[in-house]
Amino acid sequence: MESLIDRLLASDDPCVRRRVSAKVLGKDSPALRDEVAGSERVKTLLSGRVADGTIPLPSYSKWRGAHWVLSALAEIGYPPGDESLIPMREQVLSWLGKGRPIRMVVDGRARWCASIESNAVWSLLTLGLADERIEPLVRCLIDRQWPDGGWNCDKNPEAKNSSFHESILPLRALALYAKGKKSAEARAAAERAAEVFLKRRLFRRLRDGEVMCPRFLEFHYPRYWHYDLLFGLVVMAEAGFITDARCADALDFVQSKQLADGGWAADAKWYRLTRPAVSGYSLVDWGPVGKMRMNEFIAADALMVLKAAGRIA
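This report concerns the structure included in the present document.

**Section: the layout of surface pockets**
Estimates place the volume of the largest pocket at around 600 Å³. Around the largest pocket sit 19 residues that line it, and Trp122, Thr126, Leu176, Lys179 and Glu238 are the ones nearest its centre. At the level of elements, α2 (14-23), α5 (66-75), α7 (114-126), α9 (164-181) and α11 (229-239) are the ones that each hand at least two residues to the lining of the largest pocket. Residues belonging to the lining of the largest pocket are distributed by class as follows: nine nonpolar, two polar and eight charged. The wall of the second largest pocket is formed by 15 residues, among which Asn161, Ser162, Ser163, Arg200 and Met212 lie closest to the centre. Residues of the lining of the second largest pocket, tallied by class, amount to five nonpolar, four polar and six charged.

Here you go:
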């Protein structure tokens, strides 16, 4: 693994170098984050801003609106506390502050896309831009948590189990909020959310132990709001659940996906690089996609979860 770590630390992309140094080796620094801030990737992500610092698109416009740009910056280790990002923060909080309606309530379960508020909370906390306006967002997450510990936006009245897609980001946000705010209530909510995944070993059905969804076994970067097994492990590591024995199957699968050159691949992607007038266009390329080509972001995350689980030194 040392040779792979050395290769990633020598990457042309400072976002990859910082990711490995901070998340695998535990060595973060302002200098590394400054390199991220000055990178071509960041300049391109922020190129949609106009003179007032906003991005003139709906906040949730995939994947160029303020919501998603802030999320991307938080993911790659952009320096916290940058006041030049405040106009985008205001775009996001103004939109969310208007209150997004619950689709419906069935048997006390709110049908609501909790991933949206959660991603905003996590991004703003990570970027050091959160203020008191995230409190009602966290309150909504806790109040609308389903009996099984997760969340779901499925309008089908027969849907009684939480959605992995809609529950992974709330878990991530609540765990981070609980850590920073020393909130026992948020930590308890995060623990209930973790059980949604852990009792299914992150990818297996309860009734027969079979794989819940084949796409969960495909690795992607960025994930945006989508769940996959590696992202699940990343969140488990961040939230402090990675050493739970029920993560073992998922960790085994990650190890089984290692390429002959030592890296890991991105099997698919959730974005487009062409520029048609459709949703899902990315300003930046997030690396190779294909089962036999290493993607540096995926490789860094695989190393991170394996290190956190004690599988590599």
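From this point on, the discussion continues.
**Some details on the packing of aromatic side chains**
Across all of its chains, the model carries 14 aromatic pairs by this definition. Summarising the aromatic geometry, the rings of Tyr60 and Trp95 are spaced 5.6 Å apart at their centres and angled 35° between planes, so their arrangement reads as tilted. Placement of the pair is Tyr60 in the loop between α4 (40-45) and α5 and Trp95 in helix α6 (residues 86-97), with a sequence separation of 35 residues. Among the residues examined, Tyr60 registers a relative accessible area of 19% and is labelled buried. For the pair Phe164 and Tyr227, a centre-to-centre distance of 4.9 Å together with 75° between the ring planes defines the contact as edge-to-face.

**Thoughts on the nonpolar core**
Where a protein is soluble and globular, its nonpolar side chains tend to be buried together. Core analysis: the largest hydrophobic core is formed by 103 residues, its most contacted members being Leu171, Leu202, Leu233, Met236, Trp264 and Trp286. Leave out the neighbours within four places in its chain, and Leu233 touches Leu202, Ile242, Cys247, Ala250, Leu251, Val254 and Val305.

**Section: the environment of Gly53**
When you line up the elements, Gly53 lands in the loop between α4 and α5. Taking the C-alpha atoms as reference points, Gly53 and Lys291, 238 residues apart in sequence, are found 39 Å from one another. Once you skip the residues sitting within four places of it in the chain, Gly53 turns out to touch Pro87 and Met88.

**Focus: the pattern of salt bridges**
Side chains that differ in charge, positive against negative, can pair when their charged atoms come close. One pass over the full model with this rule turns up 30 salt bridges. Among the salt bridges present, the one from Glu75 reaches Arg172, with a minimum N-O distance of 2.8 Å. Residue Glu75 is found in helix α5, and its partner Arg172 is found in helix α9; the two are separated by 97 residues along the sequence. Its relative accessible area of 3% is what places Arg172 among the buried residues. Note that Lys257 is salt-bridged to Asp267, the shortest N-O span being 2.7 Å. Here Lys257, found in the loop between α12 (248-256) and α13 (296-308), pairs with Asp267, found in the loop between α12 and α13; they are ten residues apart in sequence, far enough to count as distant. You can call Asp267 buried: its relative accessible area is 13%. Here the salt bridges share partners, and the residues they tie into one network are Arg19, Lys23, Glu75, Arg172, Arg223, Glu238 and Asp301.

Analysis parameters
- Residues numbered from 1 in each chain as written.
- Predicted model: local features only at pLDDT ≥ 70, side-chain atom pairs only at ≥ 80, totals over all residues.
- Heavy atoms only, no water.
- 1 Å grid on protein atoms, 1.4 Å probe; cavity = no way out; pocket = protein on both sides within 12 Å on 5 of 7 lines; lining within 4 Å.
- Points joined across faces, edges and corners; volume = space filled by probe spheres on them.
- Helix = DSSP H or I, 4+ residues; strand = E, 2+ residues; numbered from the N terminus.
- Nonpolar A, V, L, I, M, F, W, Y, C, P; charged D, E, K, R; others polar.
- Phe/Tyr/Trp six-rings, centres within 6.5 Å; stacked < 30°, edge-to-face > 60°.
- Buried < 20%, exposed > 50% of the residue type's maximum accessible area, 1.4 Å probe, protein only.
- Core = buried A, V, L, I, M, F, W, Y, C linked by side-chain atoms within 4.5 Å.
- Contact = heavy atoms within 4.5 Å.
- Salt bridge = Lys/Arg side-chain N within 4 Å of Asp/Glu carboxyl O.

By themselves these figures say nothing about function.
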